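# A structural walkthrough
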Amino acid sequence: MEIKNISKSYKKASHLTFSCQYHVIFCPKYRRKVLINDIDKRLKEIFIKVAEEHDFTIVEMEVMPDHVHLLIDCNPRFGIMNCINKLKGRSSNILRSEFKELKSKLPSLWTRSSFISTVGSVSLEVVKKYIEEQKDK
């Protein structure tokens, strides 16, 4: 097991220096395994675009058939819940319009709940390694 050496970097905003990373997990409604085939690839594209538009970083991302793991670095003024709401809202809207089967299978794409943990009780390296290992399962 090799753990990458990641140096903690800080970002600056007006009157603020910060480094806030969160491990985030959320699932499709009813934990349905709908994030497959081209849907998972399109979801990643949408997430990257949303992060760029709202000035937060997705450090690591893994899309499983029935849940999503993200490692997000965001400005505390914007807040992690804003990041998650932007990701869920935009992806649901776009995916349900592009993949009609999602509309027939689910009343909405995402559950209202999320798991959020600050990266601090475990190191950033451990979280990145965990998300990376999910790719093989």
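So, here is what we can say about the structure in this document. None of these values were measured; they are calculated from a predicted model.

What follows concerns the packing of helix 1 (residues 38–53) against helix 2 (residues 80–98). Remark: helix 1 packs on helix 2, axes separated minimally by 9 Å, with the N-to-C direction vectors making an angle of 140 degrees. In terms of axis orientation, helix 1 runs oblique to helix 2. Crossing angle aside, the handedness with which helix 1 passes helix 2 is right-handed. Here helix 1 contributes Ile 39, Arg 42, Leu 43, Ile 46, Phe 47, Val 50 and Glu 53 to the contact with helix 2, which in turn contributes Lys 86, Leu 87, Arg 90, Ser 91, Ile 94, Leu 95 and Glu 98. Each residue belonging to the contact of helix 1 with helix 2 can be placed in one class, and the counts come to 8 nonpolar, 1 polar and 5 charged.

All right, on to helix 1 then. With 16 residues, helix 1 extends 23 Å from end C-alpha to end C-alpha; this agrees with the ideal 22 Å at 1.5 Å per step. Along helix 1, the positions that sit buried rather than exposed are Ile 39, Asp 40, Leu 43, Ile 46, Phe 47, Val 50 and Ala 51. The arc enclosing the buried residues of helix 1, seen along the axis, measures out at 130 degrees, which places them on a common side. The exposed residues of helix 1 that point more than 90 degrees off its buried face are Lys 41 and Glu 52. Buried residues along helix 1 sit against strand 3 (21–26), strand 4 (57–64), strand 5 (67–73), helix 2 and helix 3 (100–105). A positive backbone phi angle near 60 degrees is found at Asp 55, which sits one or two residues after helix 1.

Right, let's talk about the pattern of salt bridges for a bit. Taken as a whole and judged by the stated rule, the model has 6 salt bridges. Between Asp 38 and Lys 41 there is a salt bridge, with its nearest N and O atoms 4.0 Å apart. Separated by 3 residues within a single helix, Asp 38 and Lys 41 lie in helix 1, roughly one turn from each other. Across the salt bridge formed by Glu 53 and Lys 49, the nearest N and O atoms sit 3.5 Å from each other. Remark: Lys 49 and Glu 53 occur in helix 1; sequence separation between them is 4 residues, near one turn of the helix. Overall, Glu 53 belongs to the partly exposed group, its relative accessible area being 40%. Classification of Lys 49 as partly exposed rests on a relative accessible area of 46%. What emerges from the salt-bridge pattern is a single network uniting Arg 42, Glu 45 and Glu 98.

Here is what the cut-offs are and how they apply
Residues numbered from 1 in each chain as written. Predicted model: local features only at pLDDT ≥ 70, side-chain atom pairs only at ≥ 80, totals over all residues. Heavy atoms only, no water. Axes fitted to C-alpha atoms, helices over the stretch in contact; angles between N-to-C directions. Helix = DSSP H or I, 4+ residues; strand = E, 2+ residues; numbered from the N terminus. Parallel < 35°, antiparallel > 145°, perpendicular 65-115°, else oblique. Left-handed = near helix turned anticlockwise from the far one by under 90°. Contact = heavy atoms within 4.5 Å. Nonpolar A, V, L, I, M, F, W, Y, C, P; charged D, E, K, R; others polar. Expected span 1.5 Å × (residues − 1). Buried < 20%, exposed > 50% of the residue type's maximum accessible area, 1.4 Å probe, protein only. Arc of directions from axis to C-beta. Salt bridge = Lys/Arg side-chain N within 4 Å of Asp/Glu carboxyl O.

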